[in-house]
Amino acid sequence: MRERGSFAIERLRRRGRIFARDLRLGHLRSAAVTLILALATALVVAQNFLPNRLNLRAGDVSSQDVVSQQSVRFESQTKRDEARAAAAAQVPDQFDSSISTQQRQAIDSLATKVADLRQSTSSGPDRSAQLSLLEPQLSDAQRQYLLQADEGTVATIFKSAGDILQQLESNGIKADTLKSAQDSAQTRAAALHLDATGASAVATLVRAHLKTNFLQAETTVKRQQASDAVTPVFVNVAQGQTIIRYGDLVTPFQLEEAQAGGLLAPRTDWARILAVFMLVIILFAVALGYLMQFRPAILRDPRQLGTLGGLMLVLLVVAKLAIPLNPIAQYLVPMAAVPLLVAALMDTGLGIIVALAVGLLTGIIADNVLPLTLVGFLGGAIGSIYVHRLERLGQWVTAGILVAGAQFVTLVSLSLIERHQTLDEILSIGGLALISGLLSALIAGGALTFLGEITQVITPIKLMELMTPNNPLLKRLMMSAPGTYNHSIVAANLAEAAAEAVGANPVLARVGCYFHDIGKIRRPHFFVENQADIGNIHENLSPTTSSDILNAHVTEGVELLKQYHFPTAIREIVQQHQGTTVKRFFYRQALEQGLDVREDDFRYPGPRPRSKEAAIVMIADTVEASARTLKDRSTEGIRDHVHRMIQGFTRDGQLDECDLSFRDLRLVEEAMANMVVSIYHARIEYPAAVAETPIAGAAVDTAGGGHDGTLDAEDRTIPLPRPSTRPRPSTS
């Protein structure tokens with residue numbers, strides 16, 4: 001018991017250190033973003049209390065002549081901004097010419113290594129595997145071509161690739177022109193006097209080495225320097241001069257002239273402005289306190305904080321622009337759209353807090369605090385509760401009806417209580433509240449996917465799209481690596497059940513499992529589940545080469561997901577699903593061959609799982625793969641096997657950086673064991689069956705698929721709580 005307690009304390013300390021590290025990395029940016037958003041919000045609302053004698057804004061049609069009452073000379077910021085923008089626009093884009101040389105040298109270096117491989121005495125598959133590690137973008141046919149073609153052809157291929165690369169890089173490449181440069185490389189390679197395979201190898205080499213060389217920072221600096229070099233622009237306004245004529249569209253420069261002449265903002269109500277700032281600070285403090293207590297990850301992510309504050313600002317600006325045009329427009333402002341989006345993207349509780357803030361601040365802008373505060377809060381709160389984890393776009397219709405109904409009832413009830421309006425007027429503004437609720441849901445539903453991409457938050461609808469069978473990457477996996485595809489589907493069932501048991505996101509766990517081994521499609525036959533009748537390719541490779549190939553399936557999987565623009569949450573699961581586990585089969589094979597290696601040489605690069613979903617995918621991956629090799633498929637044999645797997649992960653420290661508690665691990669074990677029993681359990685159990693004793697050091701997967709759950713005789717295991725013993729099911 002003492003050992004168990006000390007282990008739990010040490011685990012909490014490790015988590016605390018990880019949290020402190022993450023907080024140090026993100027808190028400065030997050031604090032800056034929060035401060036800027038709070039100030040911007042306060043300024044938008046407080047602008048109500050800045051006097052404007054003429055009540056004019058840029059774009060308005062002037063209803064009178066505005067004449068200067070005095071002669072004044074002032075520095076025009078509008079004119080200077082125009083001149084600075086023109087000066088900055090004249091500075092061309094800047095590109096880094098050294099990248100062209102570096103990438104050409106990289107191709108030349110690869111050519112040298114290929115030449116060495118061609119002279120190597122290693123077997124063909126081993127040389128092909130080594131070339132694959134040197135340049136993963138090359139196809140099997142292209143690798144064989146480079147290893148078997150005559151020296152002159154190979155030299156021509158690499159020289160042509162280098163020449164094309166230098167030409168394209170010298171023209172300058174930006175992130176948005178990289179695709180066109182790659183297409184140009186394909187066209188130029190096809191025009192070479194090479195056969196189809198040679199030309200495709202040239203195109204692949206160029207595409208693999210093309211890099212953007214646009215110097216964003218230097219371009220910005222030079223344009224800023226050009227902008228800063230613009231001298232101040234002074235404007236003279238004579239007394240009696242007409243600044244704005246009747247019927248003119250008011251321009252920012254005219255407003256600047258009127259401001260300089262003292263025609264705008266004669267006095268400011270500082271007390272009310274201070275009150276607005278204090279109120280905004282309190283609202284932000286409540287939201288930040290909630291995030292610190294319940295969702296610290298959002299607090300450390302400037303993108304999510306920026307989106308949160310940006311949504312509020314946009315809505316308040318809309319209210320600020322619309323309400324002065326017609327007071328009735330205050331009931332049409334889609335206040336609930338912001339809390340709906342916050343709840344769908346981030347957190348339901350945060351959405352409810354935002355609903356209160358939006359309603360209150362909109363009420364201040366409209367000078368109608370109580371009704372709009374309650375309408376915004378109740379409508380937004382009900383919508384936030386409903387939209388949590390929406391899985392279909394059609395559900396936004398229901399959300400809109402709920403929000404519209406809540407706003408209608410709230411506004412009508414308040415109006416009946418105050419009795420300041422007739423029944424027709426009450427129903428009229430109630431109808432506007434209905435429209436506002438439906439409009440809020442329409443806006444939120446339409447913007448959800450777009451904002452999800454900006455914040456890198458994976459929405460339930462996005463997850464449902466990714467897990468459809470016609471997903472292009474999933475189709476590639478099914479065609480290229482059917483064994484891996486089948487393993488991923490079965491493991492996804494285990495992961496989904498376990499995620500539901502511990503309150504994690506089951507759909508995220510399922511989708512993560514679908515794609516956790518997606519990197520295997522680059523070299524599917526190097527993995528045992530796809531080898532079928534061709535034999536084990538690893539018998540012809542050294543243990544270290546095999547280990548590198550297994551490492552590559554993780555890194556290449558992440559790269560594939562980046563190419564297909566998968567959300568960050570899925571990429572992190574793929575990157576972490578092997579953690580830093582040891583490929584024991586190849587490690588032991590290396591020891592048997594007398595190689596001077598360490599256990600750490602055969603560990604996956606990591607990192608270890610940092611979320612519940614990533615940890616569950618790791619466990620499901622190993623449990624499903626290893627369960628296929630079980631000889632004792634009795635209920636107790638399977639449960640013992642799953643228990644041993646999870647013990648091994650805990651003993652190895654693979655679960656130290658995620659939020660799974662001992663209770664969670666027990667629930668994961670129970671859920672996965674039940675699933676494995678239902679899938680692999682023998683139809684008839686023999687009463688005399690005895691579970692086989694695990695052989696120390698035996699590998700479950702001959703391709704070394706990560707942690708195999710075996711325990712050496714001297715290993716000490718963590719005494720995880722076991723599920724309560726249940727009576728064995730009756731034999732069928």
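Computed from a predicted structure; not experimentally measured. (Residues numbered from 1 in each chain as written. Predicted model: local features only at pLDDT ≥ 70, side-chain atom pairs only at ≥ 80, totals over all residues. Heavy atoms only, no water.)

J.: Any details on the overall build of the protein chain? Residues and values, ideally.
T.: Along its length, the protein chain carries 28 helices and four strands. The proportion of buried residues among the 732 residues of the protein chain is 49%. Accessible area of the protein chain: about 35100 Å², with a carbon and sulfur share of 57%. (Helix = DSSP H or I, 4+ residues; strand = E, 2+ residues; numbered from the N terminus. Buried < 20%, exposed > 50% of the residue type's maximum accessible area, 1.4 Å probe, protein only. Areas by Shrake-Rupley, 256 points an atom, 1.4 Å probe, with all protein chains shown as cover.)

J.: Could you give an account of the side chain of Asn505, naming the residues involved and the relevant values?
T.: Along the chain, Asn505 falls in the loop between helix H21 (482-502) and helix H22 (506-515). In terms of polar contacts, Asn505 uses its side chain to reach the backbone amide nitrogen of Val507, at 3.2 Å. (Polar contact = N/O pair within 3.5 Å; in protein donor to acceptor, adjacent residues only side chain to side chain.)

J.: Which residues make up the nonpolar core, and what values go with them?
T.: Grouped together as the largest cluster of nonpolar side chains are 63 residues, with contacts concentrated most on Val338, Val342, Leu350, Val354, Leu361 and Trp396. Counting residues per element, this core draws most heavily on helix H15 (residues 348-366), which supplies ten residues. In contact with Val354, not counting residues within four places along its chain, are Leu308, Met312, Val338, Pro339 and Val342. Counting 62 residues, the second largest nonpolar core, distinct from the first, contains Ala499, Leu508, Val558 and Val574. (Core = buried A, V, L, I, M, F, W, Y, C linked by side-chain atoms within 4.5 Å. Contact = heavy atoms within 4.5 Å.)

J.: Lay out unusual backbone geometry with the relevant residues and their values.
T.: Look at the link from Gly606 to Pro607: it is a cis peptide, with omega at 5 degrees. Of note, Pro607 is situated in the loop between helix H25 (584-592) and helix H26 (612-627). Of note, the phi angle at His565 is positive, near 60 degrees, even though the residue is not glycine. Turning to its location among the elements, His565 is positioned in the loop between helix H23 (543-563) and helix H24 (568-576). Residue class for His565 comes out exposed when judged on its relative accessible area of 61%.

J.: So, a nonpolar patch on the surface: which residues are in play, and what are the values?
T.: On the surface, Val397, Ile401 and Leu438 cluster together to form a nonpolar patch covering roughly 290 Å² of accessible area. For Ile401, the location among the structural elements is in helix H17 (residues 395-418). (Patch = residues over 30% accessible without salt bridge, like charges linked within 9 Å, V, L, I, M, F, W, Y side chains within 5 Å. Salt bridge = Lys/Arg side-chain N within 4 Å of Asp/Glu carboxyl O.)

J.: So what's going on with the packing of H23 against H25? Residues and values would help.
T.: A pair of packed helices is captured by two measures, namely the crossing angle of their axes and the spacing between those axes. Contact geometry for H23 and H25: axes closest at 9 Å, N-to-C directions at 165 degrees. As judged from the angle between their axes, H23 and H25 are roughly antiparallel. In this structure, H23 meets H25 at a crossing whose hand is left-handed. Across the interface between the two elements, Pro543, Ser546 and Leu550 of H23 pack against Phe586, Gln589 and Ala590 of H25. (Axes fitted to C-alpha atoms, helices over the stretch in contact; angles between N-to-C directions. Parallel < 35°, antiparallel > 145°, perpendicular 65-115°, else oblique. Left-handed = near helix turned anticlockwise from the far one by under 90°.)

J.: Describe in detail the environment of Gln647, supporting the description with residues and values.
T.: Tracing the backbone through its elements, the reader meets Gln647 in helix H27 (residues 635-651). Residue class for Gln647 comes out buried when judged on its relative accessible area of 11%. Sequence-wise, Gln647 and Leu665 are 18 residues apart; in three dimensions their C-alpha atoms are separated by 9.5 Å.

J.: Explain H24 residue by residue, including any values.
T.: Along H24, seven of the nine residues are buried, which leaves the element largely enclosed by surrounding structure. Regarding H24, the residues found buried are Thr568, Ala569, Ile570, Arg571, Ile573, Val574 and Gln576. Tucked into the core, H24 has its buried residues touching helix H19 (460-466), H22, H23 and H26.

J.: Describe in detail the pattern of salt bridges, supporting the description with residues and values.
T.: Applying the stated criterion across every chain, the model contains 22 salt bridges. Put simply, Asp183 and Lys179 hold a salt bridge, and the shortest N to O gap is 3.0 Å. Residue Asp183 and its partner Lys179 are both found in helix H7 (residues 178-190); the two are separated by four residues, about one turn of the helix. Between Arg639 and Glu670 there is a salt bridge, with the nearest N and O atoms lying 3.7 Å from each other.

J.: Can you tell me about the pairing of strand E3 (residues 234-237), naming the residues and giving the values?
T.: Where burial is concerned, the two faces of E3 differ: the one with Val235 and Val237 is buried and the one with Phe234 and Asn236 is not. Strand direction decides the pairing type here: strand E2 (residues 72-75) and E3, joined by four bridges, are antiparallel. What sits directly across from Phe74, in E3, is Val235. (Pairing = 2+ DSSP bridges.)

J.: Give a detailed account of the confidence of the model for the protein chain, specifying residues and quantitative values.
T.: A residue-level look at the protein chain finds 84% of positions with pLDDT of 70 or above and a mean pLDDT of 80. Considering only residues more than four positions removed or in separate chains, one finds that residues 682-732, a stretch of pLDDT under 50, has 105 contacts. (pLDDT = per-residue confidence, 0-100.)

J.: So what about the packing of aromatic side chains? Which residues, and what values?
T.: All chains considered together, the criterion is met by five aromatic pairs. When the ring of Phe95 is compared with that of Phe214, the centres are 5.7 Å apart and the planes differ by 55 degrees; the resulting orientation is tilted. One end of the pair, Phe95, is in the loop between helix H2 (77-89) and helix H3 (98-119); the other, Phe214, is in the loop between helix H8 (196-209) and helix H9 (216-228), with 119 residues separating them in the sequence. Here Lys174 stacks its cationic end above the ring of Phe214, 4.7 Å away from the centre of that ring. The ring of Tyr604 carries the charged tip of Lys583 above its face, separated from the ring centre by 4.0 Å. (Phe/Tyr/Trp six-rings, centres within 6.5 Å; stacked < 30°, edge-to-face > 60°. Lys NZ or Arg CZ within 6 Å of the ring centre and 35° of its normal.)

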